[in-house]
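Structure at a glance
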Amino acid sequence: MRIATWNVNSVNARLETVTRWFEEAQPDVACLQEIKCVNEKFPAEAFERLGYNLAVHGQKSYNGVAILSKTPLEDVRRGLPGDDTDEQARYLEAVVSGPQPVRVASIYLPNGNPTGTEKFAYKLAWMERLRRHAEELLGYEEPLALVGDYNVIPEDRDAEFPKNWVEDALYQPESRAAFRSLKWLGLTEAYLQADGAPGAYTFWDYQAGAWQRNNGIRIDHALLSPQAADKLRGVSIHRDVRSWDKPSDHVPLVVELDL
DNA sequence: ATGACTAAACTCTTTAGA
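Not measured: the values here are computed from a predicted model. (Residues numbered from 1 in each chain as written. Chains lettered and ligands numbered in written order. Predicted model: local features only at pLDDT ≥ 70, side-chain atom pairs only at ≥ 80, totals over all residues. Heavy atoms only, no water.)

Section: the environment of Ala228
Here Ala228 shows up in helix α6 (residues 226–229). Ala228 gets classed as buried once you look at its relative accessible area, which sits at 0%. For the pair Ala228 and Leu257, spaced 29 residues apart in sequence, the C-alpha separation works out to 7.2 Å. The residues touching Ala228, leaving out its near neighbours within four places in the chain, are Pro143, Leu144 and Leu257. (Helix = DSSP H or I, 4+ residues; strand = E, 2+ residues; numbered from the N terminus. Buried < 20%, exposed > 50% of the residue type's maximum accessible area, 1.4 Å probe, protein only. Contact = heavy atoms within 4.5 Å.)

Encoded structure:
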C-alpha cells in the first residue's frame, strides 16, 4: 500500500498538475493539504473518476485538508481535538478500509511565522494538541500513519542553507523540540527509517530561484505507529514534480507499507 | 535592507504562505 502526502497549494488552481501526478504515481491513499477551498468547491468528480473515495475538511481561502483512498474511508474525524474554538481546517483523520485497515491523518501544521507573535504561540499549542491526540491514537495499537506538512525542519541537514532559517518558525528550537516529543511517543519517522540520506527536500520556495539553487527544506513528514513501521517497505520523495508546469511549492512524499 | 512568487478575495491591494 502506497500512502502519499502532498501540500498542493490550492487543489483547484492546480487540478491538472495534481490529477496528472495521481495518474502516474497511482497512490492507494493520498493526504492533501492546503486545498484552499470549502468542501462544496472541492473537485470531487475529478478524483472519483480516478477511482478514489474522499473525505474533505475544507475552509474558505486558506488551509483545508483531504484524504483520498481507493478503498472506502471509515470513522472520519474532522478537526484536531483539544480546542473547540479553533476554526482552522488543518486536521482530518480516517480509517482506510481493507483486509488490514490503516488509520491515516492528513496534517497541515501551522506555519507559525513570524516568531514571537500569537501565530507562533498557536503553532506550539497546536503541536501540543497533536502530541496529546497522537498519544491517544497510539493506545489503539493499530497501524497508524500521521502524514502531512508539519512545517518543521527537524535538523540542520534538512535544509540546504540552514543559516537562512535561524529566524524562522520552522526551525526554532521550540518547534523542533515539539516535533521530537511527538516522535518520542513511539512514532517512527518513515523517511529517516527507510532512507535517511541528507539533501532530500520536500519544499522549495517560489521566490528568488529557490528551486534552481536547490534552496530546499524537508518539512513534509510521515510518522508511523509501531504496527505500521513494522510494515515499512520504503519511502520516496517525488522531487521531479517541482519542475512541472504550475507546480506546488511542495512535492509528494510517498510511504510504501506491506499492508 | 529589501524583494523575490503564488493564490484567494468583499480584487486594481491586502493577507498569507514558508
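Having seen the model, we can carry on.
What about the UniProt feature "site: Transition state stabilizer" (unreviewed entry) in chain A?
According to UniProt, the "site: Transition state stabilizer" (unreviewed entry) feature falls on Asn151. Along the polypeptide, Asn151 turns up in the loop between β8 (144–149) and α4 (173–183). Excluding its chain neighbours within four sequence positions, the residues that come into contact with Asn151 are Tyr108, Leu109, Pro110, Asn111, Lys123, Leu170 and Ile219. (UniProt positions renumbered as here; feature names shortened; annotations may be inferred.)

Looking at the side chain of Arg129
Relative to the helices and strands, Arg129 is located in helix α3 (residues 118–138). What makes Arg129 buried here is its relative accessible area of 12%. With near-sequence residues (within four places) excluded, Arg129 lies in contact with Leu80, Pro81, Gly82, Asp83 and Asp86.

A word on the sheet that holds strand β4 (residues 65–69)
One open sheet accounts for six strands, arranged β3-β4-β2-β1-β14-β13; its pairing is mixed. Across the chains shown, the open sheet's two edge strands, defined by having one partner strand only, are β3 (53–57) and β13 (232–237). The sheet shows a mean angle of 15° between the axes of neighbouring strands, direction not considered. Both strand β2 (residues 29–33) and β4 contribute to a ladder of five bridges, which runs antiparallel. Looking at the pairing, Ala30 lines up with Leu68 of β4. Together, β1 (2–7), β2, β4 and β14 (253–257) form the strand contacts of helix α1 (residues 15–25), whose direction differs from that of β1 by roughly 165°. (Pairing = 2+ DSSP bridges. Axes fitted to C-alpha atoms, helices over the stretch in contact; angles between N-to-C directions.)

Details of the layout of surface pockets
Put simply, the largest pocket is a space of about 450 Å³. Classifying every residue of the lining of the largest pocket gives eight nonpolar, eight polar and seven charged. (1 Å grid on protein atoms, 1.4 Å probe; cavity = no way out; pocket = protein on both sides within 12 Å on 5 of 7 lines; lining within 4 Å. Points joined across faces, edges and corners; volume = space filled by probe spheres on them. Nonpolar A, V, L, I, M, F, W, Y, C, P; charged D, E, K, R; others polar.)

Describing the packing of aromatic side chains
Summed over all chains, the structure comprises eight aromatic pairs. Here the aromatic rings of Tyr150 and Phe179 are separated by 5.5 Å at their centres, their planes lie at 75°, and the arrangement is edge-to-face. Linking Tyr150 in the loop between β8 and α4 with Phe179 in helix α4, this pair joins segments that are 29 residues apart in sequence. Phe179 matches Tyr150 in its accessibility class, with the two residues each being buried. Between the aromatic rings of Tyr201 and Trp204, the centroid separation amounts to 6.4 Å while the plane-to-plane angle is 80°, which identifies the pairing as edge-to-face. Of the residues examined, Tyr201 reaches a relative accessible area of 3% and is grouped as buried. Grouping aromatic residues by their ring pairs yields a cluster made of Trp6, Trp21, Phe22, Phe42, Phe47 and Tyr52. (Phe/Tyr/Trp six-rings, centres within 6.5 Å; stacked < 30°, edge-to-face > 60°.)

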